[in-house]
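Understanding the architecture of this molecule
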Amino acid sequence: MDKTALILAGGGARAAYQVGCLRHIAHTMPHWRPQILTGISAGAINAIHLASFRGSWQEAVEQLRALWLGLDTDLVYRTGFKDVVAKLLGAAVPVLTGGRFGRERMRGMVNSDPLRDYLSGALTVQGERIMGTADNIMDGLLDALAILTTDYDTGRSTAWIEAGLCELRGRGQLDTRFTQITMPHIMASSALPLFFPAIRLEGHWHGDGGVRLTAPLSPALHLGATRILAVSPRKRPTPQPRLELPTVPAYPSPAQIAGVMLNAIFLDNLDYDALQMTRINKLLHAAGGDEVGGMRPVDVMVLRPSEDLGVLAQENESRLPRAFRFFERGLAGREMKSADALAMVNFEPEYVGALIHMGEVDAAARHEEIEAFLSGGSCAVPVW
């Protein structure tokens, strides 16, 4: 049976771009609905909303859009001057005193309790349990939901799976747990490393699901997907012109280096994994069989922004809370043309709305390709 998986990758606030892509698809293909949902990092928020919503797919996407448009940075983490300074001092004191003072370990640069409260009001929650997913599985609207976290104690990626009768096709390096998805699972998966605090799950500390996930498509494969639609919040890399001496760029700021590292953690692996899968598909088709040596073709399509979201974040930097903007400028400087790290933590409604709009426009531009793929066609992932 053909099973389509929807993979929603990480990237903090960039995950709003996914909503725009899905909104176009829901409006133009109202009867389409994925059988498998995978949420990684901030994509876990989108995945759990879609998996647990009791209604049509189009209504689920519209409500998800309303969830994102109702956000601002203060509803995600505490941005008051005292809160930010207290966190920075808490991190600096143990380092400056050689651990003699301030031994209580800092749990993230910001307090993410506002996000937990906001999501608790937007989702149907009883205790910690997020309701609705099990009912959709029982009604045949969904086969499985997988939420990915990183176990900081073991260093392994963990897939928390809520499913009906489901047989895993291998596990690779994933630590797989069948469970009922709760609010702590979502908070753990979306906890950007060092920025948001880790969450305790079953006796271990867990953080962002993208940190050690070298094969983001693998959870969907293990759950039996035969076709994968993935939404990446990163523009396709393009060759950069070589600089002629003496034109030398300024030394990279800490924020610029952090942006490159975050892209490597959350976004590069999805591109590489999709490329590898396409190569394997070509080899299998060349071998002339639907299944060779226990391997089967799995078509994959990746949707991505047409513009650099870091540039868009830089243009909206002035809308951030004053205290956060003050310290961010200290780390970034004023010469940066793109702000990849800022793009992940800017939850202001103007920026979020621009991301959603861009997602709709980009999906509309590829409408025929998307429709053909979701109707059973194949999609080649360009090699670069």
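In what follows, the accompanying structure is described. (Residues numbered from 1 in each chain as written. Predicted model: local features only at pLDDT ≥ 70, side-chain atom pairs only at ≥ 80, totals over all residues. Heavy atoms only, no water.)

A short note on the overall build of the chain
Scanning the chain from terminus to terminus reveals 15 helices and 11 strands. Expressed as a percentage of contacts within the chain between residues at least 6 apart in sequence, the contacts between residues at least 24 apart total 77%. Here the chain displays about 18200 Å² of accessible surface, and carbon together with sulfur accounts for 55% of that area. (Helix = DSSP H or I, 4+ residues; strand = E, 2+ residues; numbered from the N terminus. Contact = heavy atoms within 4.5 Å. Areas by Shrake-Rupley, 256 points an atom, 1.4 Å probe, with all protein chains shown as cover.)

Structural notes on the side chain of aspartate 362
Residue position: aspartate 362 is located in helix H14 (residues 349-365). The side chain of aspartate 362 sits in the buried core without any salt bridge; arginine 366 is the nearest counter-charge, 8.4 Å away. At a separation of 2.9 Å, a polar atom in the side chain of aspartate 362 contacts the side chain of tyrosine 17. In this structure aspartate 362 touches Tyr17, Arg304, Pro305 and Ser306, once residues within four positions along its chain are discounted. (Buried < 20%, exposed > 50% of the residue type's maximum accessible area, 1.4 Å probe, protein only. Lys, Arg positive; Asp, Glu negative; His and termini not counted. Salt bridge = Lys/Arg side-chain N within 4 Å of Asp/Glu carboxyl O. Polar contact = N/O pair within 3.5 Å; in protein donor to acceptor, adjacent residues only side chain to side chain.)

What about the pattern of salt bridges?
One pass over the full model with this rule turns up 11 salt bridges. As a salt-bridge pair, lysine 3 and aspartate 143 come within 3.3 Å of each other at their nearest N and O atoms. Here the residue lysine 3 occupies a position in the segment before strand S1 (4-8), and aspartate 143 occupies one in the loop between helix H6 (133-138) and strand S5 (144-151), the gap between them amounting to 140 residues. Under the relative-accessibility criterion, aspartate 143 is labelled partly exposed at 27%. The partner of glutamate 162 in a salt bridge is arginine 129, with the nearest N and O atoms 2.8 Å apart.

A few points about the nonpolar core
By size, the foremost hydrophobic cluster in this structure holds 74 residues, and its most contacted members are Leu6, Leu50, Trp68, Leu145, Ile186 and Leu229. Sort the elements by how many residues they give to this core and helix H1 (residues 16-28) lands first, with 7 residues. Apart from residues lying up to four places away in sequence, tryptophan 68 is in contact with Gly12, Ala13, Ala15, Ala16, Val19, Asn46, Phe347, Val352 and Ile356. Grouped together as the second largest cluster of nonpolar side chains are 25 residues, Leu148, Ile161, Leu270 and Ala274 included. (Core = buried A, V, L, I, M, F, W, Y, C linked by side-chain atoms within 4.5 Å.)

As for the environment of aspartate 153
Looking at the element boundaries, aspartate 153 is found in the loop between S5 and strand S6 (157-163). In this view, aspartate 153 contacts Gly203, His204 and Trp205; residues no more than four positions away in its chain are not counted. Of note is the side chain of aspartate 153, whose polar atom sits 2.9 Å from the backbone nitrogen of tryptophan 205.

Some thoughts on the pairing of S5
S5 sits mainly inside the fold: 8 of its 8 residues count as buried. Taking every second residue as pointing to the same face, both faces of S5 are buried, with Ala144, Ala146, Leu148 and Thr150 on one and Leu145, Ile147, Thr149 and Asp151 on the other. Across 7 bridges, S5 lies against S6 in antiparallel orientation. Within S6, the position partnered with threonine 150 by the bridge is serine 157. Taken together, S5 and the strand that follows it, S6, pair antiparallel across an intervening segment of 5 residues, in which glycine 155 is found at a positive phi of about 80°. Where S5 lies against strand S9 (residues 204-208), 3 bridges are found, and the strand directions are antiparallel. The residue of S9 that forms the bridge with aspartate 151 is histidine 206. (Pairing = 2+ DSSP bridges.)

A word on the side chain of asparagine 136
Mapped onto the fold, asparagine 136 is located in helix H6. Judged by its relative accessible area of 1%, asparagine 136 is buried. One polar contact links the side chain of asparagine 136 to the main-chain carbonyl oxygen of alanine 51, over a distance of 2.7 Å. Non-local contacts of asparagine 136, meaning those with residues more than four positions away in its chain, are made with Arg33, Ala51, Ser52, Phe53, Arg54, Leu141 and Leu142.

Notes on the pairing of strand S2 (residues 36-40)
The buried fraction of S2 amounts to 5 of the 5 residues, a majority that puts the element mostly inside the structure. Of the two faces of S2, the one lined by Ile36, Thr38 and Ile40 and the one lined by Leu37 and Gly39 are each fully buried. Pairing of S1 with S2 involves 4 bridges; the strand directions are parallel. Across the sheet, leucine 6 pairs through a bridge with leucine 37, a residue of S2. Taken together, S1, H1 and S2 form a β-α-β motif whose crossover is right-handed. In this sheet, S5 lies alongside S2 in parallel orientation, the contact comprising 5 bridges. The residue bridging leucine 37 from the neighbouring strand is leucine 145, located in S5. (Right-handed = clockwise from strand over helix to strand, strands pointing away.)

Observations regarding the packing of helix H3 (residues 57-69) against H14
Their axes nearest at 9 Å, the elements H3 and H14 cross at an angle of 150°. Considering the angle they form, H3 stands roughly antiparallel to H14. Contacts between H3 and H14 involve Arg65, Trp68 and Leu69 from the first element and Pro349, Val352, Gly353 and Ile356 from the second. Across the contact of H3 with H14, the residue classes break down as 5 nonpolar, 1 polar and 1 charged. (Axes fitted to C-alpha atoms, helices over the stretch in contact; angles between N-to-C directions. Parallel < 35°, antiparallel > 145°, perpendicular 65-115°, else oblique. Nonpolar A, V, L, I, M, F, W, Y, C, P; charged D, E, K, R; others polar.)

Focus: helix H15 (residues 367-374)
For H15, the complete set of buried residues consists of Ile370, Phe373 and Leu374. Axial view of H15: buried residues confined to an arc of 90°, hence all on one face. Residues of H15 that are buried in the fold lie against S1, H1, strand S10 (227-231), strand S11 (299-303) and H14. Glycine 376 lies just past H15 and shows a positive phi near 120°. (Arc of directions from axis to C-beta.)

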